[in-house]
Amino acid sequence: QVQLVESGGGLVQLGGSLRLSCTASGIRFSSYTMGWYRQAPGKQRELVATISSDGATNYVDSVKGRFTISRDSSKNTVYLQMNSLKSEDTAVYYCNANMAYRKIVISDYWGQGTQVTVSS
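Bear in mind that the values here come from a model prediction, so they are computed numbers and not experimental data.

A. Inspection of the sheet that holds strand 8 (residues 77-82) at higher detail. Judged by pairing direction, the sheet is antiparallel, and its four strands sit side by side in the order 1-3-8-7 without closing on themselves. Both edges of this open sheet fall to strand 1 (3-7) and strand 7 (67-72), since each of them pairs with a single strand only. Each neighbouring strand pair of the sheet contributes to a mean axis angle of 15°, computed without reference to strand direction. Both strand 3 (residues 18-25) and strand 8 contribute to a ladder of six bridges, which runs antiparallel. Looking across to strand 8, one finds that Cys22 is bridged to Val78.

B. Expanded view of the side chain of Asp89. Examined against the element boundaries, Asp89 turns out to sit in the loop between strand 8 and strand 9 (91-101). Overall, the relative accessible area of 0% leaves Asp89 in the buried class. In this structure the side chain of Asp89 is engaged in a polar contact, spanning 2.9 Å, whose partner is the side chain of Arg38. In this structure the side chain of Asp89 is engaged in a polar contact, spanning 2.8 Å, whose partner is the side chain of Arg66. With sequence-adjacent residues up to four places away left out, Asp89 is seen in contact with Arg38, Arg66, Phe67, Ser84, Val116 and Val118.

C. View of the pairing of strand 4 (residues 33-39). As paired elements, strand 4 and strand 9 share seven bridges and run antiparallel to each other. Residue pairing across strands places Gly35 opposite Asn96, the latter belonging to strand 9. As paired strands, strand 4 and strand 5 (residues 46-51) are joined by five bridges and run antiparallel to one another. The partner of Gly35 across the bridge, within strand 5, is Thr50. Taking the residues that link successive antiparallel strands as the turn, the strand 4-strand 5 hairpin has six residues, and the phi of Gly42 there is positive, at about 80°.

What counts, and where the lines are drawn
- Residues numbered from 1 in each chain as written.
- Predicted model: local features only at pLDDT ≥ 70, side-chain atom pairs only at ≥ 80, totals over all residues.
- Heavy atoms only, no water.
- Pairing = 2+ DSSP bridges.
- Helix = DSSP H or I, 4+ residues; strand = E, 2+ residues; numbered from the N terminus.
- Axes fitted to C-alpha atoms, helices over the stretch in contact; angles between N-to-C directions.
- Buried < 20%, exposed > 50% of the residue type's maximum accessible area, 1.4 Å probe, protein only.
- Polar contact = N/O pair within 3.5 Å; in protein donor to acceptor, adjacent residues only side chain to side chain.
- Contact = heavy atoms within 4.5 Å.

Below is the structure:
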């Protein structure tokens, strides 16, 4: 049984920081591209950041320079360090584990989401 369990969300003030964690079980963690997505009220889910199995990272432009994604294979955990938080970062953040071969998705799993609220 695959599980992705997120933690670390909460209420933070404008300009503050939070670190999200996502611990995976039931998958070969090192083989998956791990990602963070978010969905704000009334909006579509969007990609925030991904980190491949070999450590290559990708970010949406709006978080570049403020957010950092990392992974620890010894703990089967992916992190999202979020600094200089803005009100537009308020959303439910979802962890994703994806395995693809030649752009064909083989496996794709989602966590339950964790709420991040940035207040002024």
